[in-house]
Every structure is written in C-alpha cells, then in structure tokens.
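In case you want the letters, here they are:
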Amino acid sequence: MAGGRMTLTPLGKEIKKKLIDKDMTQVELAEQLGVTKQYITKIITGTRTGDKYLCRIGAILDIDIAKFAA
C-alpha cells in the first residue's frame, strides 16, 4: 500500500479537518501526544484505534470523540 491513498475513517476525516482548521500538522499533533506521525496516520486510517490517546486528541483539536464511538 506504499504510495497509495489510504481510506480515512469518519474520525480520521474529522481529525484531518481540525488539523487544517488549526493550521497544525500531524507531526505537531504527534509531538503533543508523545507518539510518531506514523501512529497518528494509523489512527486516522483505522489501522490502530488509538483509544489511549482519543481523549487528548479530542481536547487538542476540539473534537467530540463520543460522536465517533462504535
């Protein structure tokens, strides 16, 4: 899948939108969480749930994470 476009989850789409709204990069978000950019990508694409970080992501990006709970 290298070089290909990945499918975003609904939460992933919201994270990407909020990053753009806040003029913030995935790298900056990753640094605030203490994870790698690759891990953020995995959360956005649904490869990893990122459960441990969702509340903090929600707080940083002003996202109501509960809307995306399965």
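An account of the accompanying structure is given in this report. None of these values were measured; they are calculated from a predicted model.

## Here's the deal with the pattern of salt bridges
Taken as a whole, this structure holds 1 salt bridge when the rule is applied. Note that Asp21 is salt-bridged to Lys17, the shortest N-O span being 3.1 Å. Note that Asp21 and Lys17 are positioned in helix 1 (residues 10–21) at a spacing of 4 residues, about one turn of the helix. Owing to a relative accessible area of 44%, Lys17 belongs among the partly exposed residues under this scheme.

## A word on the nonpolar core
Counting residues in each nonpolar core, the largest one holds 18 residues, and the members touching the most others are Ile15, Leu29, Leu33, Val35, Ile40, Ile57 and Leu61. Contributing elements (two or more residues each) for this core: helix 1, helix 2 (26–33), helix 3 (37–45) and helix 4 (54–61). At 4 residues, the largest contribution of residues to this core is made by helix 3. Non-local contacts of Leu33, meaning those with residues more than four positions away in its chain, are made with Ile40, Tyr53, Arg56, Ile57 and Ile60.

## Examining helix 1
Taking 1.5 Å as the rise per residue, helix 1 with 12 residues should run 16 Å; its terminal C-alpha atoms sit 17 Å apart, in good agreement. Of the residues making up helix 1, those classed as buried are Leu11, Gly12, Glu14, Ile15, Lys18 and Leu19. Around the axis of helix 1, the buried residues are gathered within 160 degrees of arc, so they sit on the same side. Exposed side of helix 1, more than 90 degrees from the buried face: Pro10, Lys13, Ile20 and Asp21 are the residues found there. On its buried side, helix 1 packs onto helix 2, helix 3 and helix 4.

## Structural notes on the packing of helix 1 against helix 4
Running from amino to carboxyl end, helix 1 crosses helix 4 at an angle of 35 degrees, the nearest separation of the two axes being 10 Å. Helix 1 and helix 4 meet at a crossing whose hand is left-handed. From helix 1, Leu11, Ile15, Lys18 and Leu19 reach across to helix 4, where they touch Leu54, Ile57 and Leu61. By residue class, the composition of the contact of helix 1 with helix 4 is 6 nonpolar, no polar and 1 charged.

## With respect to the environment of Thr41
Secondary-structure assignment places Thr41 in helix 3. Among the residues examined, Thr41 registers a relative accessible area of 21% and is labelled partly exposed. When the C-alpha atoms of Thr41 and Asp64 are compared, they prove to be 19 Å apart, with 23 residues separating the residues in sequence. The contacts of Thr41, once residues within four sequence positions are left out, are Met6 and Gln26.

The rules we used
- Residues numbered from 1 in each chain as written.
- Predicted model: local features only at pLDDT ≥ 70, side-chain atom pairs only at ≥ 80, totals over all residues.
- Heavy atoms only, no water.
- Salt bridge = Lys/Arg side-chain N within 4 Å of Asp/Glu carboxyl O.
- Helix = DSSP H or I, 4+ residues; strand = E, 2+ residues; numbered from the N terminus.
- Buried < 20%, exposed > 50% of the residue type's maximum accessible area, 1.4 Å probe, protein only.
- Core = buried A, V, L, I, M, F, W, Y, C linked by side-chain atoms within 4.5 Å.
- Contact = heavy atoms within 4.5 Å.
- Expected span 1.5 Å × (residues − 1).
- Arc of directions from axis to C-beta.
- Axes fitted to C-alpha atoms, helices over the stretch in contact; angles between N-to-C directions.
- Left-handed = near helix turned anticlockwise from the far one by under 90°.
- Nonpolar A, V, L, I, M, F, W, Y, C, P; charged D, E, K, R; others polar.

Structural measurements only, silent on function.
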